Amino acid sequence: MGIKLKMAIVGLGFGAEFIPIYKDHPNTEMYAICQRNQENLNKIGDHFDIEKRYSNFDELIQDNNIDAVHINSPIHLHAEQSIAALHAGKHVACTVPMATSIEECQQIVKAQQKSGKNYMMMETAIQTREFLYVKELRDRGELGHIQFLRGAHQQEMAGWPGYWEGLPPMHYATHAVSPLLALAEKEVEYVSCLGSGKIADHLTVNYGSPFAVESALFSLRDSDLAMEVTRSLFETSREYVESFDVYANKKSFEWQQLESEDPVVFTGEEGERVKIPDYAHLLPDSIQRYTTEGVYDSEDNKHLSFTQGSGHGGSHPHLAHEFIMSILEKRDSYPNVFSSANWTCAGLCAHESAMKNGKIIRLPIFKEKI
């Protein structure tokens with residue numbers, strides 16, 4: 001297309017993973033970076049040769065040269081910064097979750113609709129190799145009719161920044177929820193969730209959430225499908241996993257139990273382990289290598305989310321490419337603002353249900369709120 005969008009990245013922890021991707025993408029210029037810590041801002045700026053640097057977010061979004069902002073700040077800032085950037089006329093990509101409350105999700109939807117700019121929640125789980133593989137099976141008709149879906153995200157977040165400590169498990173559920181909804185091509189209508197176990201008092205006090213594990217059943221709108229999601233964050237022994245299982249009448253897909261194993265595809269009652277291919281061929285040549293290698297600072301200094309998440313399944317360049325092309329092609333991104341809100345509120349409403357001993361909680365329909 002010959003067009004280069006000027007990109008700005010906010011937050012240079014996990015966010016630094018995307019700097020070389022935007023530098024090398026044929027349709028972007030890695031124009032500006034933003035972080036409050038001036039020393040680290042300059043360190044990253046010097047390392048990646050980025051001249052335009054901001055330590056103040058409000059100043060950054062007033063820069064008329066910037067076309068799009070990719071937000072990677074702490075989760076309690078996601079909504080505030082997304083709304084401000086949209087109001088400033090910027091396209092917005094934001095790491096998960098979209099927000100920390102239903103009200104904030106509603107405000108982001110309204111801001112996006114008013115601005116006319118693209119909003120995309122940068123959900124890694126719908127651009128992993130495994131997801132793209134199962135999506136191919138679905139699109140070729142090899143799965144048949146999907147009967148049930150199950151997801152899990154189990155993680156130990158001890159040692160992460162303090163604002164994560166004691167976070168309700170389902171408040172950060174999008175990695176487990178999103179691949180199921182994307183494969184079903186549906187939204188959540190309502191949820192019933194139970195909490196289980198107990199975390200330490202010094203963790204519980206931060207958010208008032210006592211549960212070690214939350215497990216939810218979701219009913220999907222305009223569908224015969226239900227799905228199950230389990231989430232844990234603290235004091236539950238398990239190798240890190242972001243998994244999804246899909247059961248259909250022709251073939252089913254089950255995630256491996258150990259990271260070192262391969263997943264299983266069942267045909268009838270017969271199962272076989274399958275090697276998942278890489279999908280770099282779907283990307284421009286200049287960013288294909290980023291599906292198999294991390295780019296955060298150096299091999300000796302990778303972000304926790306990257307090392308624990310096994311590089312997020314090669315998803316980062318796919319996410320960046322989808323965001324960029326949605327803007328240039330003047331279409332909604334995937335996920336768009338409505339899907340992002342539903343996927344985020346699935347977890348928020350699940351935690352509300354858990355705190356009410358499994359009471360059914362209905363999600364808002366965001367398209368009717370505008």
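Preceding this section is the structure that the text describes.
In this convention, every chain numbers its residues from 1, walking through the sequence in written order. Since the coordinates come from a predicted model, pLDDT governs what is reported: local features require at least 70, and pairs of side-chain atoms require 80 or more to be given and counted, while whole-chain, interface and lining totals use all residues. Side-chain metrics rest on all non-hydrogen atoms present in the structure, leaving aside hydrogens and water.

### Describing the sheet that holds strand β6 (residues 119-122)
To keep things clear, this is the line we draw: A pair of strands is considered paired only if DSSP assigns at least 2 bridges between the two. Strands are runs of DSSP state E lasting at least 2 residues, helices are runs of H or I lasting at least 4, and numbering of each runs from the N terminus. Lines fitted to C-alpha atoms define the axes here, with helix axes fitted over just the stretch in contact, and angles between the N-to-C directions of these axes take values from 0 to 180 degrees. The contact rule is simple, with two residues in contact once any of their heavy atoms fall within 4.5 Å.
Strands sit in the order β3-β2-β1-β4-β5-β6 across an open sheet of six strands; the sheet is parallel. Pairing within the sheet leaves two strands with one partner each, and these edge strands are β3 (52-54) and β6. On average, each strand axis in the sheet is inclined to that of its neighbour by 25 degrees, with strand direction left out of account. The pairing of strand β1 (residues 5-10) with strand β2 (residues 28-34) spans six bridges and is parallel. Each bridged residue has a counterpart across the sheet, and for V10 the counterpart in β2 is C34. Contacting β1, β4 (68-71), β5 (91-95) and β6, helix α4 (residues 78-87) runs over the sheet at an angle of about 170 degrees to β5.

### A few points about unusual backbone geometry
Note the cis peptide between V96 and P97, where omega equals -10 degrees. One can find P97 in the loop between β5 and α5 (102-115). Each neighbour pair has its own omega, and for Y334 with P335 the value is 5 degrees, a cis peptide bond. Locating P335 in the fold gives a position in the loop between α10 (316-328) and α11 (337-355).

### Side note on the nonpolar core
Defined as follows: To define a nonpolar core, start from buried Ala, Val, Leu, Ile, Met, Phe, Trp, Tyr and Cys residues and group those joined through side-chain atoms within 4.5 Å. We call a residue buried when its accessible area falls under 20% of the maximum for its residue type, exposed when it is over 50%, and partly exposed in between, using a 1.4 Å probe and counting protein chains only.
Formed by 91 residues in total, the largest nonpolar core has its most connected members in L60 and F218. By residue number, the principal contributor to this core is α11, which donates 10 residues. Excluding anything up to four places from it in sequence, L60 contacts A8, V10, A32, I33, C34, Y54, I66 and V69. Counting 30 residues, the second-largest nonpolar core is a separate cluster that includes L12, F14, F48 and I287.

### A short note on the pattern of salt bridges
For side chains of opposite charge, pairing can occur when their charged atoms come near one another. Going by this rule: Between Lys or Arg on one side and Asp or Glu on the other, a salt bridge is scored when a side-chain nitrogen of the former is within 4 Å of a carboxyl oxygen of the latter.
Considering all chains together, one arrives at 19 salt bridges under this definition. Here D139 makes a salt bridge to R138, at a shortest N to O gap of 2.8 Å. Classification of D139 by relative accessible area gives partly exposed; the value is 47%. For R140, the salt bridge goes to E142, with nearest N and O atoms at 2.7 Å. A single salt-bridge network, built from bridges that share partners, covers K135, R138, D139 and E185.

### Focus: the pairing of β1
Our working rule: Throughout, right-handed denotes a crossover for which the path from the first strand over the helix to the second runs clockwise when the strands point away from the viewer.
Burial of β1 is extensive: five of the six residues sit out of reach of the surface. As for the winding sense of the linkage, the β-α-β connection from β1 through helix α1 (residues 19-24) to β2 is right-handed. Bridge analysis of β1 against β4 gives four bridges, and the strand direction is parallel. Residue pairing in the sheet places V10 in a bridge with I71 of β4.

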